[in-house]
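Summary of structural features
Below, each chain spelled out in residue letters.
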Amino acid sequence: MNVDNIDLRLLRVFHTLAESGGFAGAQAKLGLTPSTLSIHLSNLEQRLGMTLCERGRNGFRLTEKGERVHRATKRLFHALDDFRTETASLRGRLVGELTIGLVDSTVTDSRSPIAAAINRFEQRDNEVHIRLAVDRPSGLNHALLDGRLNLAVAVFPHHVAGVEYETLYTETSLLYCGHGHPLYERIGAGLEVPDVTRYHFVARAYSLERDLAAIGRANHKASVENMEAQAHLILSGQFIGFLPEHYAAQWVAAERMRAVQPDRYRMPSDIALALPAAATRSNQFVRAFCDDLRAANAAR
């Protein structure tokens, strides 16, 4: 078919449906009712002369042809974005969508250059839409490889082929217990701390190997996916676990947590800028943000 503006709008609706896995997610992203989404999808199927997805009681699923159209649609929109970016750069203006990945609970880190970098970037002449996504390190790596992220700033326990990592600074994590834990009062009274491996230990799934290596054989009794969940378990007074100093500081100040033998259980972690290998080198606004990120990091 000859693609016009109406077809592009229908294709964007279909792309959002496919990326969201159904009507509920697309409805939230596009602000359209399910009936309107269904009409747009039917109109596109009529224009293309094929069924793109199955929808009904069994849920939403792309057909084989729908999968191929979805892949072609992604290539089309990437090409349009590249065209928009290229023509804007000829006018000296940055245009596009900048997608940045982060791990959770880094906003308390005074050394994080993210906010300062965004401040610098927003002072540039740009029409760049910024999107921040929070995920675990493995998810960030996957999103970098498949093009869903332009860059990510996080601790990466495992490096993967196809992604380049540049260390920005080092974050320190300590072993913490919460108020009510048997170790809490011993630490406060300056008493000797017994073998910590006897106590229930909680770790984030993505840092389990590193945490266990730092503490030695541990009574690993709980796993979590993010720092907030880990803090809940430590604050219960029933678990010990590693947290970044900047994140635990609020509860230490409130006397709800204490560090366990901080001279012994001190774990440094590199915070790195991660980029798809060579994939974004020609992307002007990504290069500009990385320059601002490095400058903000150097200024701290």
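The numbers attached to residues start from 1 for each chain and follow its sequence in the written order. Reporting in this predicted model follows two pLDDT cut-offs: at least 70 for local features of residues, and 80 or more for side-chain atom pairs to be given and counted; totals over whole chains, interfaces and linings ignore these cut-offs and use all residues. Hydrogen atoms and water are omitted, and side-chain values are computed over all heavy atoms in the structure.

**A few points about the overall build of the chain**
Cut-off, in case you're wondering: The helix and strand labels rest on DSSP assignments: H or I over at least four residues marks a helix, E over at least two residues marks a strand, and numbering proceeds from the N terminus. Residue exposure (1.4 Å probe, protein chains only): buried if accessible area is under 20% of the type maximum, exposed if over 50%, otherwise partly exposed. Only the protein chains shown count as covering a residue, and every accessible area follows the Shrake-Rupley method with a 1.4 Å probe. Working convention for charge: Lys and Arg count positive, Asp and Glu count negative, and His plus the chain ends are omitted. Positions of charges follow a simple convention, taking NZ of Lys, CZ of Arg, CG of Asp or CD of Glu.
When its secondary structure is counted, the chain shows 11 helices and 11 strands. Overall, the chain is about 80 × 50 × 35 Å in size when its C-alpha atoms are taken along their principal axes. The buried share of the chain, reckoned over its 300 residues, is 43%. Total accessible area computed for the chain in this model is approximately 15,900 Å², and 49% of it derives from carbon and sulfur atoms. Taking the average place of the 35 positive charges on the side chains of the chain and the average place of its 34 negative ones, the gap between the two points comes to 3 Å.

**Let's talk about a positive patch on the surface**
In plain terms, the rule: Patch membership needs two things, relative accessible area over 30% and no salt bridge, and members are linked within 9 Å if like-charged or within 5 Å if nonpolar (Val, Leu, Ile, Met, Phe, Trp, Tyr). A pairing counts as a salt bridge when a side-chain nitrogen of Lys or Arg comes within 4 Å of a carboxyl oxygen of Asp or Glu.
Residues Lys65, Arg68, Arg71, Lys74 and Arg75 make up a contiguous surface patch of positive charge. The topology assignment puts Arg75 in helix α4 (residues 64–90). Residue classification places Arg75 among the exposed positions, given a relative accessible area of 56%.

**Here we look at the side chain of Asn297**
In plain terms, the rule: In what follows, residue pairs with any heavy atoms lying within 4.5 Å of each other are defined as contacts.
Its place among the elements puts Asn297 in helix α11 (residues 284–298). On the accessibility criterion, Asn297 (17% relative accessible area) is buried. Those residues in contact with Asn297, other than ones at most four positions away along the chain, are Arg111, Pro113, Leu168 and Tyr169.

**Focus: the environment of Asn43**
Looking at where Asn43 falls in the secondary structure, it is placed in helix α3 (residues 34–48). Sequence separation of Asn43 and Ile240 is 197 residues, and the distance between their C-alpha atoms is 57 Å.

**Digging into the packing of aromatic side chains**
The following threshold applies: Between rings of Phe, Tyr and Trp, where Trp is taken as its six-membered ring, a pair exists when centres lie within 6.5 Å; planes separated by under 30 degrees are stacked, by over 60 edge-to-face, and by other angles tilted. Note on geometry: a ring has a charge over it if NZ (lysine) or CZ (arginine) is within 6 Å of the ring centre and within 35 degrees of the ring normal.
Evaluated as defined, the whole model comprises five aromatic pairs. Taken together, a centroid distance of 5.7 Å and an interplanar angle of 70 degrees make the contact between Phe121 and Phe289 edge-to-face. On the criterion of sequence distance, the pair formed by Phe121 in helix α5 (residues 114–122) and Phe289 in helix α11 is long-range, its members being 168 residues apart. Ring centres of Tyr247 and Trp251 lie 5.1 Å apart, and the angle between their planes is 85 degrees; this geometry places the pair in the edge-to-face category. Taken as a pair, Tyr247 and Trp251 lie in helix α10 (residues 245–253) at a separation of four residues, close to a single helical turn. On the basis of relative accessible area, Tyr247 is assigned to the buried category, the value being 8%. Here the basic side chain of Arg12 rests over the ring of Phe77, its NZ or CZ set 4.1 Å away from the ring centre. A cation sits over an aromatic face here: Arg258 above Tyr184, 3.9 Å from the ring centre.

**Section: the pattern of salt bridges**
Using the criterion set out here, one finds 10 salt bridges in the structure. A salt bridge links Asp7 to Arg47; its shortest N-O distance comes to 2.7 Å. Residue Asp7 is found in helix α1 (residues 5–20), and its partner Arg47 is found in helix α3; the two are separated by 40 residues along the sequence. The partly exposed category is assigned to Arg47, whose relative accessible area is 41%. Here Glu166 ties to Arg294 by a salt bridge, and the two come within 2.9 Å at their closest N and O atoms. Here the residue Glu166 occupies a position in strand β6 (residues 163–178), and Arg294 occupies one in helix α11, the gap between them amounting to 128 residues. Judged by its relative accessible area of 31%, Arg294 falls in the partly exposed class. What emerges from the salt-bridge pattern is a single network uniting Glu166, Asp291 and Arg294.

**Structural notes on unusual backbone geometry**
One non-glycine residue, Ser105, adopts positive backbone phi at about 60 degrees. In this structure, Ser105 sits in the loop between β3 (94–102) and α5. Notably, Gln261 is not glycine yet its phi reads approximately 40 degrees, a positive angle. Relative to the helices and strands, Gln261 resides in the loop between β10 (257–259) and β11 (266–276).

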